[in-house]
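# Topology and contacts: notes
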Amino acid sequence: MEWLEGWNAAEVPLVEYNEGRKTVSNPGFPQAMPSPETETIDIVVNGEPRRAPAGLVLEDLLRFLGIDPSRVAVERNRDIVRRPDWNSTTIHSGDRLEIVQFVGGG
């Protein structure tokens with residue numbers, strides 16, 4: 001896929017790509033995807049190695065990953081990050097994040 005040239009699977013947000021229509025399921029995807037020249041950092045998200053743009057705060061990282069920030073709890077390096085601190089918590093290379101998504105139902 002030429003739109004992914006220069007990227008590997010660990011760097012791409014979790015979205016669905018429709019080959020026939022050449023579309024993705026996340027309408028914010030083009031804005032969230034940095035160019036291959038963007039400086040990146042190595043992090044671990046839910047046990048999986050990932051790459052993310054350098055300098056993101058936690059809330060921006062969630063959006064980059066295609067995760068709705070209103071429905072998750074986040075642990076960074078074994079410490080729970082309170083929601084009011086998400087916009088001041090910068091993600092650094094080597095950070096280990098556990099992201100738990102809330103699921104409704106009965």
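Structure's up top.
Let us look at the structure shown here. (Residues numbered from 1 in each chain as written. Predicted model: local features only at pLDDT ≥ 70, side-chain atom pairs only at ≥ 80, totals over all residues. Heavy atoms only, no water.)

### Details of the nonpolar core
By size, the foremost hydrophobic cluster in this structure holds 18 residues, and its most contacted members are Ile43, Leu58, Leu61, Leu62, Val74, Leu97 and Ile99. Of all the secondary structure elements, the ones that give two or more residues to this core are β3 (40–45), α2 (58–64), β5 (72–76) and β7 (96–101). At four residues, α2 tops the list of elements feeding residues into this core. In this structure, Leu62 is in contact with Ile67, Pro69, Val72, Val74, Trp86 and Ile99, ignoring residues within four places of it in sequence. (Core = buried A, V, L, I, M, F, W, Y, C linked by side-chain atoms within 4.5 Å. Buried < 20%, exposed > 50% of the residue type's maximum accessible area, 1.4 Å probe, protein only. Helix = DSSP H or I, 4+ residues; strand = E, 2+ residues; numbered from the N terminus. Contact = heavy atoms within 4.5 Å.)

### Here's the deal with the sheet that holds strand β4 (residues 48–53)
Judged by pairing direction, the sheet is mixed, and its five strands sit side by side in the order β4-β3-β7-β5-β6 without closing on themselves. The sheet is open, and its two borders are formed by β4 and β6 (79–81), each paired with just one other strand. On average, adjacent strands in this sheet sit at an angle of 35° to one another, irrespective of strand direction. The pairing of β3 with β4 spans six bridges and is antiparallel. Its bridge partner lying in β4, Ile43 is registered against Arg50. (Pairing = 2+ DSSP bridges. Axes fitted to C-alpha atoms, helices over the stretch in contact; angles between N-to-C directions.)

Everything listed is a geometric property; what it means functionally is a separate question.
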